[in-house]
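Structural overview
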Amino acid sequence: MTGDSSTALTGIDVVTPADPGWDDARRAWNLALDQRPEMVALPASAEQVAAAVRHAREVGLRVAVQATGHGGGARGPLEGAMLINTSRMREVAVDGPGRSARAAAGALWMDVVPAAAEHGLAALHGSAPDVGIVGYTLGGGVSWLARRHGLASNAVTALELVTPAGELVRADAETEPDLFWALRGGGGSFGVVTAIEFRLYPVESVHAGWLIWPWEEAREVLARWAEWAGTVPDEVTSVGRLLQVPPLPDLPDAVRGRQLVVVEAAILADEAEAGRLLAPLRELGPEIDTFAQVPPDGLATLHMDPPEPVPYVGNGCLTDDFPPEAVDALVAVAGPGSGSPLLSVEVRHVGGASARVPEDAGALGRMDGEFLLFALGLLMPPATAHALDAAVARVVGAVAPWGRERSFLSFAEIPTDMRAMFEPEAYRRLAELRSRVDPDGLLLANHPIPTV
């Protein structure tokens, strides 16, 4: 143990502003955020998490939690808080015959996805392998298989957590059912999750890749893609994307420093059927076509998210539709001739199973929209935070006529009214539960449910 923490934290590594390694310990994945908690605790077990929570309560600190720090911008300042960094808790176990996995609080998708693929199984993971499993799943979790298998939060079968009172409990359909319901899509306002168990799905291979055109063809390509997306089966999940690729030396010559329009897709079909489905897009003559049959773990890097933390500004929203008028509005503010400084503006086709409420759903039963938009800019010269904020706001505003009041936790990077995230009855139930289990507001979640 380092720093001046009391003996209540004996055996737990604690870092304070006076200690070496402070900046690394407090860092969010978004390097534009300057998180300044009072201390950072790095527990190695659920029992140590419980001890840290009890200590924070005793000394009057609030509690924030992160494994990787993704999504930290929605949480707000950490003054007066202990940050519990769970990155040392990365144990995972994959049960091939049982089609399930268990992951400790700090485990990343890269810890589970290859192990599951060895059994011909896939998890409902996100678009980057270095995202923490717990944080992603508590917020709903939209994967490349979302249209076929729904939200990741509804694949959860059990959670182990430390309550705000510092007690270790297990939540599943029979034990602590209210917590089990709330933590599946309701965020981290109800406890510090120390382990999560979830279903895996049989996937031997998937047809996946990119189709790439010069971005001067953005209107035609995105309009064709949006029309095409409305015709495909649930086995197809895709993204239409405007991309301004930085001139980084480790990128392929074919895309380095270029402005592009891209369609990415994952198709649960063999090559022949996938080719038939992709034919309307290939009619537009993409310059580059990377589609191929890949094992399920190939989806983890399909989106090509940055592999290391970066400084960025981003935000997203849901829309009911993406008609030609919406394409025109989006391209006008983020495409050719717009002067946009944004690295990526993507529109994900969701719907399908992610829009249907399963019988055993958690707090976020479904995604309330057909398309999910996210705009992102890297905070690197000559771009400024003000310019990127304004550009992201223009993108969200451009699609507002087709948008939804309801957003999605994992794609809202700024503080958001949580009533806009849930059905009214679900929000009422979440607020009542938060008031019951954490009446003092000890927990600082990325998207907090207020107490009533």
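Up top is the structure.
Given the structure is predicted, the values throughout are model-derived calculations rather than measurements.

Definitions and cut-offs
Per-chain numbering applies: the sequence of each chain, read as written, is numbered from 1 onward. Selection of residues for local features in this predicted model requires a pLDDT of at least 70, selection of side-chain atom pairs for listing and counting requires 80 or more, and totals for whole chains, interfaces and linings are taken over all residues. As a rule here, side-chain values come from all non-hydrogen atoms in the structure, and water together with hydrogens is ignored. Counting from the N terminus, the helices are the DSSP runs of H or I reaching at least four residues and the strands are the DSSP runs of E reaching at least two. All radius of gyration figures rest on C-alpha atoms, and the globule criterion is 2.2 Å times the number of residues raised to 0.38. By the convention used here, residues are in contact when the closest approach between their heavy atoms is within 4.5 Å. Per-residue accessibility takes into account occlusion by the displayed protein chains alone, with areas from the Shrake-Rupley method and a 1.4 Å probe. The convention is simple: Lys and Arg are positive, Asp and Glu are negative, and His and the chain ends are not counted. We put the charge of a Lys on NZ, of an Arg on CZ, of an Asp on CG and of a Glu on CD. A helix is expected to reach a length of 1.5 Å times the quantity of its residues less one. Think of it in three bands: with a 1.4 Å probe and only protein chains considered, a residue is buried below 20% of the maximum accessible area for its type, exposed above 50%, and partly exposed in between. A pair is scored as a salt bridge if a Lys or Arg side-chain nitrogen falls within 4 Å of a carboxyl oxygen belonging to Asp or Glu. The rule for pairing is simple: two strands pair if DSSP sees at least two bridges between them. A fitted line through C-alpha atoms serves as each axis, taken over the contacting stretch for helices, and the angle formed by two N-to-C directions is quoted from 0 to 180°. Two helices that cross are described as forming a left-handed crossing if the nearer one is turned anticlockwise from the farther one by less than a right angle, and a right-handed crossing if clockwise. Three classes are used: nonpolar for Ala, Val, Leu, Ile, Met, Phe, Trp, Tyr, Cys and Pro, charged for Asp, Glu, Lys and Arg, and polar for all others, with Gly counted as polar. Here a polar contact means two N or O atoms within 3.5 Å. Within protein one must be a hydrogen donor candidate and the other an acceptor candidate, and residues neighboring in sequence count only if both atoms are side-chain atoms.

Right, let's get into the overall build of the protein chain. Looking only at helices and strands, the protein chain features 11 helices and 19 strands. Relative to its length of 452 residues, the protein chain is compact, with a C-alpha radius of gyration of 22 Å against a globular reference of 22 Å. Overall size of the protein chain, expressed as C-alpha extent along the three principal axes, is 65 × 50 × 40 Å. For the protein chain, the proportion of contacts with a sequence separation of at least 24, taken over those separated by at least 6, is 72%. Element-wise, carbon and sulfur atoms account for 53% of the exposed surface of the protein chain, whose accessible area totals about 17800 Å². If the 34 positive side-chain charges of the protein chain are averaged to one point and the 59 negative ones to another, these points end up 3 Å apart.

With that settled, consider helix 11 (residues 424-437). Residues lying three or four places apart along an α-helix face the same way, a consequence of the helix completing one turn every 3.6 residues. With 14 residues, helix 11 extends 20 Å between its outermost C-alpha atoms, agreeing within 8% with the 20 Å of an ideal straight helix rising 1.5 Å per residue. Turning to helix 11, its buried residues number three or more, namely Ala 426, Tyr 427, Leu 430, Ala 431, Leu 433, Arg 434 and Ser 435.

In this section: helix 9 (residues 324-334). If you check which residues of helix 9 are buried, you get Ala 326, Val 327, Ala 329, Leu 330, Val 331 and Ala 334. The inward-facing, buried residues of helix 9 abut helix 7 (218-229), strand 13 (236-244), strand 18 (344-349), strand 19 (371-378) and helix 10 (385-398).

For the structure on display, the rule yields 30 salt bridges. Put simply, Arg 88 and Asp 13 hold a salt bridge, and the shortest N to O gap is 2.3 Å. Taken together, the residues Arg 88 in the loop between strand 4 (81-85) and strand 5 (92-95) and Asp 13 in strand 1 (residues 13-15) connect sequence positions 75 residues apart. We classify Arg 88 as partly exposed; its relative accessible area is 43%. For Asp 13, a relative accessible area of 32% corresponds to the partly exposed category. Between Glu 160 and Arg 102 there is a salt bridge; the shortest N-O distance is 2.7 Å. Here Glu 160 is found in strand 8 (residues 156-162), whereas its partner Arg 102 is found in strand 6 (residues 100-104), with 58 residues between them in sequence. Among the residues examined, Glu 160 registers a relative accessible area of 23% and is labelled partly exposed. A residue is classified by how much of its surface remains accessible, and Arg 102, at 32% relative accessible area, is partly exposed.

Moving residue by residue along a regular strand, the side chains alternate between the two faces of the sheet. Burial of strand 4 is extensive: five of the five residues sit out of reach of the surface. Here strand 4 shows two buried faces, one formed by Ala 81, Leu 83 and Asn 85 and the other by Met 82 and Ile 84. Pairing between strand 2 (residues 39-42) and strand 4: three bridges, direction parallel. Within strand 4, the residue paired with Ala 41 across the bridge is Ile 84. Relative to strand 4, strand 3 (residues 62-66) runs parallel, the two sharing five bridges. Bridge pairing in strand 4 links Val 63 to Met 82.

Spatial strand order, 5-6-10-8-9: five strands in an open sheet with antiparallel pairing. Edge positions in the sheet fall to strand 5 and strand 9 (168-171), since each of these pairs with one other strand and no more. Taken pair by pair, the neighbouring strands of this sheet meet at an average axis angle of 10°, ignoring direction. Bridging between strand 8 and strand 9 involves four bridges; their strand directions are antiparallel. Among the inter-strand pairings, Glu 160 is bridged to a residue of strand 9, identified as Arg 170. The strands that helix 3 (residues 109-117) touches are strand 5, strand 6 and strand 10 (192-199); relative to strand 5, the one it contacts most, it runs at about 25°.

Okay, the packing of helix 7 against helix 9 next. Here helix 7 crosses helix 9 at 140°, and the two axes come no closer than 10 Å. Handedness of the crossing formed by helix 7 with helix 9: right-handed. Side by side, helix 7 and helix 9 meet where Ala 218, Arg 219, Leu 222 and Ala 223 of the first sit next to Val 327, Asp 328, Val 331 and Ala 332 of the second. Residues of the contact of helix 7 with helix 9, tallied by class, amount to six nonpolar, no polar and two charged.

Our focus in this paragraph is the environment of Glu 38. With respect to the helices and strands, Glu 38 occurs in the loop between helix 1 (22-26) and strand 2. The residues touching Glu 38, leaving out its near neighbours within four places in the chain, are Thr 16, Pro 17, Trp 22, Leu 61, Leu 78, Glu 79, Gly 80 and Ala 81. Side-chain polar atoms of Glu 38 contact the backbone nitrogen of Gly 80, separated by 2.9 Å.

A few words on the pairing of strand 18. Of all six residues making up strand 18, six are buried, and the element is well covered by its neighbours. Across the two faces of strand 18 the burial is the same, with Ser 344, Glu 346 and Arg 348 and Val 345, Val 347 and His 349 all buried. For strand 13 and strand 18, the ladder comprises five bridges, and the chain directions are antiparallel. Bridging from a neighbouring strand, Leu 243 pairs with Ser 344 of strand 18. Sheet topology places strand 18 next to strand 19; six bridges connect them, and they run antiparallel. In the sheet register, Glu 346 faces strand 19, and the bridge partner there is Phe 374.

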